[in-house]
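As a plain string of letters, each chain reads:
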Amino acid sequence: MSGHGKESEGALSQTSHNDSTIFASALVDQVNKEDIKSMVCIQREILSRFEKTNEMLINFNILSTGRYDATVKDFSKHTKLLYDMKKDLDNIFKRIRTLKQRLGTSYPEAFAACNSVYDVPDEEEDSDDEDESSVQPERYTLNVPGVGYDSLLCSGEHPQPKEEDENT
């Protein structure tokens, strides 16, 4: 009996193997081999394009990283320079205020005469609270008769009086 069971298992295995082979060959016959070759060729072309694009993106990232590092270095250097310039300007304005105070106490008459000619706005030490993006140049209002314009930018320019006849 056991010999007979082995023969039936072998026959069953052989028929299932034949059935799967027949089914696979039927599927293969259903598909056009030229279409498969065409799809494989198209997939290889797409793969090649993706590889080229990936290589270009890698090169771009390397180049961008180098330029970004250089830009960050320059930016930090310029930021430090601006910070140092601001400190220097604050120090200069502090010295000017100190000199003005000394001159005001040493020569009050002359200082008062200058203040009557130039209406100079007093600056507070804590003027950093203002919006720095809206800082405008200082203007001085002139109260000198005979001057052709009534305001000056704080640029070191000095008003020239109009020449008048000395008889008037």
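Quick look at the overall build of the chain
When helices and strands are counted, the chain shows three helices and three strands. Counting helices and strands in the order they occur from the N terminus, the chain gives α-α-α-β-β-β. Within the chain, the fraction of its 168 residues that count as buried is 3%. The contacts in the chain between residues at least 6 apart in sequence include a share of 23% that link residues at least 24 apart. For the chain, the exposed surface amounts to about 15,500 Å²; the carbon and sulfur share of it is 57%.

Notes on the pattern of salt bridges
On inspection of all chains with the given rule, the structure shows two salt bridges. Close ionic contact of D84 with K80 constitutes a salt bridge, the shortest N to O distance being 3.1 Å. Pair noted here: D84 and K80 are both in helix α2 (residues 33–106), with a separation of four residues, about one helical turn. A residue is classified by how much of its surface remains accessible, and D84, at 27% relative accessible area, is partly exposed. A salt bridge links K86 to D90; the shortest N-O distance between them is 3.0 Å. Of this pair, K86 and D90 are both found in helix α2, four residues apart, which corresponds to roughly one turn of the helix. Judged by relative accessible area, which is 34%, K86 ranks as partly exposed.

Observations concerning a nonpolar patch on the surface
A surface patch of nonpolar side chains, about 310 Å² in accessible area, is lined by V31, I36, M39 and V40. Here I36 is to be found in helix α2. The exposure class of I36 is partly exposed, given its relative accessible area of 38%.

A word on α2
Taking 1.5 Å per residue as the helical rise, α2 with its 74 residues ought to reach 110 Å, and the 107 Å between its terminal C-alpha atoms agrees with that figure. Near the N-terminus of α2, the side chain that reaches the backbone nitrogen of E34, with its oxygen 3.2 Å away, is that of N32.

With respect to the confidence of the model for the chain
With 60% of its residues at a pLDDT of 70 or more, the chain has an overall mean of 75. By mean pLDDT, strand β3 (residues 151–153) is the weakest element of the chain at 39, and α2 is the strongest at 95. When the criterion is pLDDT under 50, residues 137–168 qualifies, and its contacts beyond four places in sequence or with other chains add up to 43 contacts.

Thresholds, definitions, all that
- Residues numbered from 1 in each chain as written.
- Predicted model: local features only at pLDDT ≥ 70, side-chain atom pairs only at ≥ 80, totals over all residues.
- Heavy atoms only, no water.
- Helix = DSSP H or I, 4+ residues; strand = E, 2+ residues; numbered from the N terminus.
- Buried < 20%, exposed > 50% of the residue type's maximum accessible area, 1.4 Å probe, protein only.
- Contact = heavy atoms within 4.5 Å.
- Areas by Shrake-Rupley, 256 points an atom, 1.4 Å probe, with all protein chains shown as cover.
- Salt bridge = Lys/Arg side-chain N within 4 Å of Asp/Glu carboxyl O.
- Patch = residues over 30% accessible without salt bridge, like charges linked within 9 Å, V, L, I, M, F, W, Y side chains within 5 Å.
- Expected span 1.5 Å × (residues − 1).
- Polar contact = N/O pair within 3.5 Å; in protein donor to acceptor, adjacent residues only side chain to side chain.
- pLDDT = per-residue confidence, 0-100.

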